[in-house]
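Analysis of the macromolecular model
Chain by chain, the residues:
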Amino acid sequence: SSLNNIWNSNFGRGMHKFMSSIQVSPKDVHPELSIVIPCYNEGRNLPEVIRHYREALERVSGKADRSTEIILVDNGSRDKSWEILEQELAKPENQAFRRVRVLQNEGYGHGILKGLKEARGTFLAWSHADLQTPAEDVFRVFQDMKATGRPEQCFGKGFRTNDRGKAAILTG
């Protein structure tokens, strides 16, 4: 598939070049941004992860809207992550979230790819379920990319909170 070709040609060679505007065929809703978050045995942390992303989205957009979808990938967890996701995502305030299940863990990258394949957004992002990169950074970097006027030629990377504590924008 084209997603695998992107992975092999760009990610496999150290991410020398990456186009962040991968078009995904819309189904019923075509959000502007899809954020993929692989989760492995994060059941206890999922309510907090969801809250952080929901609040960050509300701060950016003023409300939880349909311009962003957040895909939580249960990446082969052995705890109750899938059931907790079901409970949390049934709440009306969590309409921006979806869940995807990987039955057997094949690593963080596999969880990202599964989520990206399910994504419907024009722009794609991914981050960590342990919040080592703050949820706000994903939205801030995306806003910075859009402000360049050529977001399809941008790649954003957030620094982990134990690193510099902020995100940067890289253009190609």
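Computed from a predicted model, the values in this text were never measured in an experiment.

When helices and strands are counted, the protein shows 5 helices and 6 strands. Across the protein, helices and strands are ordered from the amino to the carboxyl terminus as α-β-α-β-α-β-α-β-α-β-β. For the protein, buried positions account for 45% of its 172 residues. Across the protein, contacts joining residues at least 24 apart in sequence account for 75% of those joining residues at least 6 apart.

Of the residues in the protein, 72% reach a pLDDT of 70 or more, and the chain-wide mean stands at 79. Averaged pLDDT values for the elements of the protein fall to 41 in helix H1 (residues 2-11) and rise to 98 in helix H3 (residues 81-89). Predicted confidence for residues 1-27 stays below pLDDT 50, and this span has 46 contacts to residues more than four positions away or in other chains.

Our next topic: the environment of Leu72. When you line up the elements, Leu72 lands in strand S2 (residues 68-75). Spatially, the C-alpha atoms of Leu72 and Pro38 are 5.9 Å apart, while their sequence positions differ by 34 residues. Contact partners of Leu72, with chain neighbours within four places excluded, come to Ile37, Cys39, Val49, Ile50, Leu85, Leu89, Phe97, Arg98, Arg99 and Val100.

Attention now moves to the pairing of strand S1 (residues 33-39). The buried fraction of S1 amounts to 7 of the 7 residues, a majority that puts the element mostly inside the structure. Burial along S1 is two-sided: the face carrying Leu33, Ile35, Ile37 and Cys39 and the face carrying Ser34, Val36 and Pro38 are both buried. Inspection of the sheet shows S1 paired to S2 by 7 bridges, in the parallel sense. When the bridges of S2 are listed, Pro38 appears paired with Val73. Inspection of the sheet shows S1 paired to strand S4 (residues 123-126) by 4 bridges, in the parallel sense.

Turning our eyes to something else, we now look at the packing of helix H2 (residues 46-61) against helix H5 (residues 135-147). At a closest axis distance of 8 Å, the pairing of H2 and H5 adopts a crossing angle of 35 degrees. Classified by chirality, the crossing of H5 by H2 is right-handed. Along its contact with H2, which presents His52, Tyr53, Ala56, Leu57, Arg59 and Val60, the element H5 presents Ala135, Glu136, Val138, Phe139 and Gln143. A per-class count over the contact of H2 with H5 returns 7 nonpolar, 2 polar and 2 charged.

Take the pairing of strand S3 (residues 97-102) next. Where S2 meets S3, 6 bridges bridge the pair, whose relative direction is parallel. The partner of Asn75 across the bridge, within S3, is Val102. Between the parallel pair S2 and S3, the chain is carried across by H3, and the sense of this crossover is right-handed.

The next subject is the pattern of salt bridges. Across all of its chains, the model carries 9 salt bridges by this definition. Here Glu136 and Arg59 are joined by a salt bridge, their closest N and O atoms 2.3 Å apart. Remark: Arg59 occurs in helix H2 and Glu136 occurs in helix H5; sequence separation between them is 77 residues. The exposure class assigned to Arg59 is exposed, which follows from its relative accessible area of 52%. Arg98 serves as the salt-bridge partner of Glu69, at 2.9 Å between the closest nitrogen and oxygen. Of this pair, Glu69 sits in strand S2 while Arg98 sits in strand S3, and the two are 29 residues apart along the sequence. Taken together, the salt bridges that share partners define one network made up of Glu69, Arg98 and Arg120.

What counts and how
- Residues numbered from 1 in each chain as written.
- Predicted model: local features only at pLDDT ≥ 70, side-chain atom pairs only at ≥ 80, totals over all residues.
- Heavy atoms only, no water.
- Helix = DSSP H or I, 4+ residues; strand = E, 2+ residues; numbered from the N terminus.
- Buried < 20%, exposed > 50% of the residue type's maximum accessible area, 1.4 Å probe, protein only.
- Contact = heavy atoms within 4.5 Å.
- pLDDT = per-residue confidence, 0-100.
- Pairing = 2+ DSSP bridges.
- Axes fitted to C-alpha atoms, helices over the stretch in contact; angles between N-to-C directions.
- Left-handed = near helix turned anticlockwise from the far one by under 90°.
- Nonpolar A, V, L, I, M, F, W, Y, C, P; charged D, E, K, R; others polar.
- Right-handed = clockwise from strand over helix to strand, strands pointing away.
- Salt bridge = Lys/Arg side-chain N within 4 Å of Asp/Glu carboxyl O.

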